[in-house]
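What follows is the residue order along each chain.
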Amino acid sequence: MNKAKGGFASYIESILQQSNIDYDYSKKGPDKHSFYFSGNFDEFSATFAITINEEDGYIFYFIKYPYEVLKDSINAVVEYITRINFGDVFGAFIFDYVDSTVAYHLATPLGNNMDENEQWFAEYLRHAQDVVEEFHEGLLEVLGGRDPYAVLKEMGAAVTKMV
């Protein structure tokens, strides 16, 4: 059953349906559509949210890791994601202090036509998924007590020693 009516939201909905992905849909006002669903990576599942805001002209991508960060690990995890964010010009990792989770988010403008939007959507969603997967193992190591700087250095990430 189609919940979104018209525009780019209908395109996103058709992709989810064709992929047999169960999703929740919400609409705020005439131009803000959000889709929530789970997605699988090689070693974990994550929560996804995609929001299209047609009035303001952007698409927002959000991917949340399935791990709760224990209080003793918060500083190390925040250092880890801060170091990663320094080199990522497209999106950023965030730490949610309310539910103690880590997520990656990215916002892109809506294009001038559907072809442009479809191409950008695929490219930026793939980028977000790649970044989440690339830094997953390092996050687990930091959650396990390893030094964030050392983990990123071993991964070959371009990092500088923070003051």
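All of the points below concern the structure found in this document. (Residues numbered from 1 in each chain as written. Predicted model: local features only at pLDDT ≥ 70, side-chain atom pairs only at ≥ 80, totals over all residues. Heavy atoms only, no water.)

### Some details on the sheet that holds strand 3 (residues 45-53)
Spelled out, the test is: Two strands qualify as a pair provided that DSSP identifies no fewer than 2 bridges between them. Segments assigned H or I by DSSP are reported as helices when at least four residues long, segments assigned E as strands when at least two residues long, and all are numbered from the N terminus. Here an angle of 0 to 180 degrees is reported between the N-to-C directions of two axes, which are lines fitted to C-alpha atoms, with helices fitted over the stretch in contact. Residues count as neighbours in contact if any of their non-hydrogen atoms are within 4.5 Å of one another.
With respect to topology, six strands assemble into an open sheet ordered 1-2-3-4-6-5, the strand pairing being antiparallel. On the outer flanks of this sheet lie strand 1 (23-28) and strand 5 (91-96), each paired with one strand and no other. Geometrically, the sheet is characterised by an average inter-axis angle of 20 degrees between neighbouring strands, direction not taken into account. Pairing geometry for strand 1 and strand 2 (residues 32-40), over six bridges, is antiparallel. When the bridges of strand 2 are listed, Tyr 23 appears paired with Phe 37. The strands touched by helix 1 (residues 7-18) are strand 1, strand 2, strand 3 and strand 4 (58-64); relative to strand 2, the strand with the most contacts, the crossing angle is about 20 degrees. Running at roughly 160 degrees to strand 6 (residues 101-109), helix 3 (residues 114-134) makes contact with strand 3, strand 4, strand 5 and strand 6 of the sheet.

### Quick word on the pattern of salt bridges
So the rule is basically this: Any carboxyl oxygen of Asp or Glu within 4 Å of a side-chain nitrogen of Lys or Arg constitutes a salt bridge here. Throughout this description, buried means an accessible area under 20% of the type-specific maximum (1.4 Å probe, protein chains only), exposed means over 50%, and partly exposed covers the range between.
Following the criterion strictly, the structure yields five salt bridges and no others. A salt bridge links Glu 79 to Arg 83; its shortest N-O distance comes to 2.9 Å. Remark: Arg 83 and Glu 79 occur in helix 2 (residues 74-86); sequence separation between them is four residues, near one turn of the helix. For the salt bridge of Glu 141 with Arg 146, the shortest nitrogen-to-oxygen distance reads 2.4 Å. Given a relative accessible area of 25%, Glu 141 falls into the partly exposed group. Linked by salt bridges that have partners in common, Glu 141, Arg 146 and Glu 154 make up one network.

### Points about the nonpolar core
Nonpolar side chains in soluble globular proteins tend to end up buried together. Test applied: As used in this record, nonpolar core signifies buried Ala, Val, Leu, Ile, Met, Phe, Trp, Tyr and Cys residues forming a set joined through side-chain atoms within 4.5 Å.
In terms of nonpolar packing, the biggest core is built from 40 residues, with Phe 35, Ile 52, Tyr 65, Tyr 80, Phe 93, Val 102 and Phe 135 touching the most fellow members. Every residue in contact with Tyr 80, bar those within four places of it in the chain, is listed here: Phe 135, Gly 138, Leu 139, Val 142, Pro 148, Val 151, Leu 152 and Met 155.

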